[in-house]
Amino acid sequence: MYYFGRAVFRIIFSLTGGLKSIGEENIPSDGGVILAPNHISYADPPAVGSAMKRQVHFMAKEELFKPAIMGYIISAVGSFPVKRGTADRKAIKQALDLLRKGEVVCIFPEGTRSLDGNLQKAEPGIGLIALKSGCPVVPVAVAGTNKVLPSDKKERQRHLITIEYGKPIKFDDLQNETDSSKAKEEVGNRIMSAIDLLMRKERL
């Protein structure tokens, strides 16, 4: 189901302006990996997944799973729900289990879409998961999805979507501080800084 869906979205994106992938070589070919993209549109998850070869499991807000048919489809492609604004232990455990099995898990650090395109502060969840799993985090810069599928009432446009994967980040210096709020915040800050650098590069 996942690879069928990816093929469908690749066709869709080819019709809406194209999909360009940069830096896919930065994604480890095996082992647990956390993808950390900025979030500007509902089109971000399929764009991030369509631009790479490995299967991606998305941590998605639980509201998306409420309509039964939507919940079935989203679950079938490997995504799992998270309760936003809370320390959702079930979602955290599921993410850690997938990472320990060597899977790729995508977590949007900001937790919700940015309506103006500017980066927001990272939620503590990604810091906790990164520290507890010990897996590398690949920062991802997404551009153009907010033109193809705007978050507000603006008219949709044909526009090239660009996905740039940065070099993996490790947090070995903080590995013994998995329960520290400051350590989780530091992880989030480093990830957002890496995403910001990629976004600035894209604008040049």
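Please refer to the structure placed before this passage.
Being a predicted model, the structure only gives us computed values, none of them experimental.

J.: How would you summarise the sheet that holds strand β2 (residues 33-37) if you had to cite specific residues and measurements?
T.: Taken in spatial order, the seven strands of this open sheet run β1-β7-β6-β2-β5-β3-β4, and their pairing is mixed. In this open sheet, the two strands that pair with only one neighbour each are β1 (19-22) and β4 (80-82). The mean inter-strand angle of the sheet, taken between neighbouring strand axes irrespective of direction, is 25°. Across four bridges, β1 lies against strand β7 (residues 161-165) in parallel orientation.

J.: Explain a nonpolar patch on the surface to me, using residue names and the numbers behind them.
T.: Together, Met1, Phe4, Val8, Phe9 and Ile12 line one region of the surface with nonpolar side chains, adding up to about 470 Å² of accessible area. Tracing the chain through its elements places methionine 1 in the segment before α1 (2-15).

J.: Give me the environment of isoleucine 40: which residues, what numbers.
T.: By the element assignment, isoleucine 40 lies in the loop between β2 and α2 (44-50). Taking C-alpha positions, isoleucine 40 is 4.9 Å from arginine 113, a pair spaced 73 residues apart along the chain. Leave out the neighbours within four places in its chain, and isoleucine 40 touches Arg113, Ser114, Gly117, Val142, Ala143, Gly144, Thr145, Asn146 and Ser151.

J.: Go over the packing of aromatic side chains, please, and point to the residues and values.
T.: Applying the stated rule across the entire model yields two aromatic pairs. Sitting above the plane of the tyrosine 42 ring, arginine 113 keeps its charged end 3.8 Å from the centroid.

Conventions used here
Per-chain numbering applies: the sequence of each chain, read as written, is numbered from 1 onward. It should be noted that, the model being predicted, local features are given only for residues of pLDDT at least 70 and side-chain atom pairs only at 80 or more, the latter also being counted only at that level, while totals for whole chains, interfaces and linings use all residues. Excluding hydrogens and water, the side-chain values take into account all heavy atoms of the structure. Strand pairing requires that DSSP identify at least two bridges connecting the strands. Numbering of helices and strands runs from the N terminus; a helix is a DSSP stretch of H or I covering at least four residues, while a strand is a stretch of E covering at least two. To obtain each axis, a line is fitted to C-alpha atoms, and for helices this fit is confined to the stretch in contact; angles are then taken between N-to-C directions over 0 to 180 degrees. Residues enter a patch when their relative accessible area is above 30% and they make no salt bridge; the linking distance is 9 Å between like charges and 5 Å between nonpolar side chains (Val, Leu, Ile, Met, Phe, Trp, Tyr). Surface accessibility in these figures is a Shrake-Rupley result with a 1.4 Å probe; residues are shielded only by whichever protein chains are displayed. The term salt bridge refers to a pairing of a side-chain nitrogen on Lys or Arg with a carboxyl oxygen on Asp or Glu at a separation within 4 Å. Residue contacts are counted whenever heavy atoms from the two residues lie within 4.5 Å of one another. Stacked, tilted and edge-to-face pairs are distinguished by plane angle, under 30 degrees for stacked and over 60 for edge-to-face with tilted covering the rest, among Phe, Tyr and Trp rings (Trp via its six-membered ring) whose centres lie within 6.5 Å. Any Lys NZ or Arg CZ that is within 6 Å of a ring centre and within 35 degrees of that ring's normal is treated as a charge sitting over the ring.

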